[in-house]
Amino acid sequence: MIVGKNLRLRALEKKDLPKFVEWLNDPEVTENLLINHPFSLDSEEQWYEGVMKSPMFERPLCIEVREGEGWKLIGNLSIMDINWQYRNAEMGIVIGDKTEWGKGYGTQAMRLYMDHLFNQLNLHRVSLLVYETNPAGIRCYEKVGFKHEGTLREAIFKHGRYINVYVMSVLSTEWKKH
Ligand SMILES: CC(C)(COP(=O)(O)OP(=O)(O)OC[C@H]1O[C@@H](n2cnc3c(N)ncnc32)[C@H](O)[C@@H]1OP(=O)(O)O)[C@@H](O)C(=O)NCCC(=O)NCCS
């Protein structure tokens, strides 16, 4: 468990899947995600089986916030394609509970996770891709210390138009100063 002030990151459990399916079938949540097709609990369960066979560090973590005496699941985050030789990886985050957007939880969860990636897993570079049409995401990543390092021009097609995608990253050396 990675614990912050009023937010924690915990391991994924099978019981979380129905919530994930609900979020990922919500067009507002998936507006800036690489998800263009409705999908089912069955396909999410197949994904889960694959995830459980992947290296532990690449399994998503659930984001939970304090709710009364308990905790409420609001999203998840993960890294993929860890390269242990160069110590880099790409990350992604979803706050699927729309009622919790704009409360600083995305930023807080990312800060906790980045600290874990740099100071526990000893990664050197963490990157992500974000659509130009996602100002909340871009702002959140900038607050955490990510820098815009390039643009994949018209790399995505959505709603009948092409969208630029930003590559952003943060290095362990920058993180220490952050
Ligand atoms: C992107 C996401 C992770 C951000 O999490 P969050 O908890 O809502 O973000 P935070 O509250 O920590 O920070 C958001 C920042 O963006 C700003 N923001 C929100 N909407 C904005 C807009 N339309 N234009 C400019 N800034 C905006 C907020 O004001 C805040 O900045 P501030 O603290 O300086 O005021 C979350 O909204 C989400 O998961 N969305 C759906 C899935 C998604 O887009 N994932 C990321 C894919 S790359």
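Residues numbered from 1 in each chain as written. Predicted model: local features only at pLDDT ≥ 70, side-chain atom pairs only at ≥ 80, totals over all residues. Heavy atoms only, no water.

Caption draft 1: Structural view of the state of the cysteines. Applying the stated criterion across every chain yields a total of zero disulfides. Among the cysteines around Cys62, which has no disulfide bond, Cys140 carries the closest sulfur, lying 18 Å off. Under the relative-accessibility criterion, Cys62 is labelled buried at 0%. (Disulfide = S-S within 2.5 Å. Buried < 20%, exposed > 50% of the residue type's maximum accessible area, 1.4 Å probe, protein only.)

Caption draft 2: Here's a closer look at the packing of aromatic side chains. Using the criterion set out here, one finds six aromatic pairs in the structure. With centroids separated by 5.5 Å and ring planes inclined at 25°, the aromatic side chains of Phe20 and Trp23 adopt a geometry described as stacked. Highlighted residues: Phe20 and Trp23, both in helix 1 (residues 17-24), separated by three residues, approximately one helical turn. In this structure Trp23 comes out as buried when scored by relative accessible area, which is 4%. (Phe/Tyr/Trp six-rings, centres within 6.5 Å; stacked < 30°, edge-to-face > 60°. Helix = DSSP H or I, 4+ residues; strand = E, 2+ residues; numbered from the N terminus.)

Caption draft 3: Main features of the site of the ligand. Around the ligand sit 22 residues in total, of which Ile95, Gly106, Thr107, Arg139 and Lys143 are the nearest. One of the backbone nitrogen or oxygen atoms of Gly102 is found 2.9 Å away from an oxygen atom of the ligand. Notes on the ligand: free accessible area 960 Å², of which the protein chains cover 71%. When residues of the shell around the ligand are traced back to their parent elements, those giving at least two are strand 5 (88-95), helix 4 (105-119), strand 6 (125-131) and helix 5 (135-144). The greatest single-element share of the shell around the ligand, amounting to six residues, is contributed by helix 5. Partitioning the shell around the ligand into residue classes produces 12 nonpolar, seven polar and three charged. (Near = heavy atom within 4 Å. Polar contact = N/O pair within 3.5 Å; in protein donor to acceptor, adjacent residues only side chain to side chain. Areas by Shrake-Rupley, 256 points an atom, 1.4 Å probe, with all protein chains shown as cover. Nonpolar A, V, L, I, M, F, W, Y, C, P; charged D, E, K, R; others polar.)

Caption draft 4: Geometry of the pairing of strand 6. The buried count for strand 6 comes to five of seven residues, which makes it a mostly enclosed element. Summarising the sheet, strand 5 and strand 6 pair through three bridges and their orientation is parallel. Each residue of the ladder has a partner; that of Asn88, found in strand 6, is Arg125. Where the polypeptide runs from strand 5 across helix 4 and back to strand 6, its parallel neighbour, the crossover connection is right-handed. Bridging between strand 6 and strand 8 (residues 161-171) involves seven bridges; their strand directions are antiparallel. Bridging from a neighbouring strand, Leu129 pairs with Val167 of strand 8. (Pairing = 2+ DSSP bridges. Right-handed = clockwise from strand over helix to strand, strands pointing away.)

Caption draft 5: Molecular detail of the packing of helix 1 against helix 3 (residues 41-53). The geometry of helix 1 relative to helix 3 is characterised by a closest axis approach of 10 Å and an angle of 120° between their N-to-C directions. Overall, the two elements helix 1 and helix 3 adopt an arrangement that is oblique. Note that helix 1 runs across helix 3; the crossing there is right-handed. Within the contact between the two elements, helix 1 uses Leu17, Pro18, Phe20, Val21 and Leu24 and helix 3 uses Leu41, Glu44, Glu45, Trp47 and Tyr48. (Axes fitted to C-alpha atoms, helices over the stretch in contact; angles between N-to-C directions. Parallel < 35°, antiparallel > 145°, perpendicular 65-115°, else oblique. Left-handed = near helix turned anticlockwise from the far one by under 90°. Contact = heavy atoms within 4.5 Å.)

Caption draft 6: Quick peek at the pattern of salt bridges. All chains considered together, the criterion is met by 13 salt bridges. For Glu64, the salt bridge identified is with Arg10, shortest N-O distance 2.9 Å. Taken together, the residues span a long stretch of sequence, with Glu64 in strand 3 (residues 61-67) and Arg10 in strand 2 (residues 7-11) at a distance of 54 residues. Of the two residues, Glu64 and Arg10, neither departs from the other in class, the shared state being buried. In this structure, Lys98 engages Asp26 in a salt bridge whose closest nitrogen and oxygen atoms are separated by 2.8 Å. A residue pair is termed long-range when its members are at least 10 positions apart, and Lys98 in the loop between strand 5 and helix 4 and Asp26 in the loop between helix 1 and helix 2 (27-30) qualify at 72 residues. Counted as one network, the salt bridges with shared partners bring together Arg8, Arg10, Lys15, Asp16 and Glu64. (Salt bridge = Lys/Arg side-chain N within 4 Å of Asp/Glu carboxyl O.)

Caption draft 7: Structural detail: the sheet that holds strand 7 (residues 147-158). Strand order in the open sheet formed by eight strands is 1-2-3-4-5-6-8-7, with mixed pairing between adjacent strands. Looking at strand neighbours, the two that pair on one side only are strand 1 (2-3) and strand 7, the edges of this open sheet. Running over the sheet, helix 1 touches strand 3 and strand 4 (70-83) and is turned about 80° from strand 4. Strand contacts of helix 4: strand 1, strand 2, strand 3, strand 4, strand 5, strand 6 and strand 8, with the helix running at about 155° to strand 5, the strand carrying the most contacts.

By themselves, these observations are geometric and do not establish any function.
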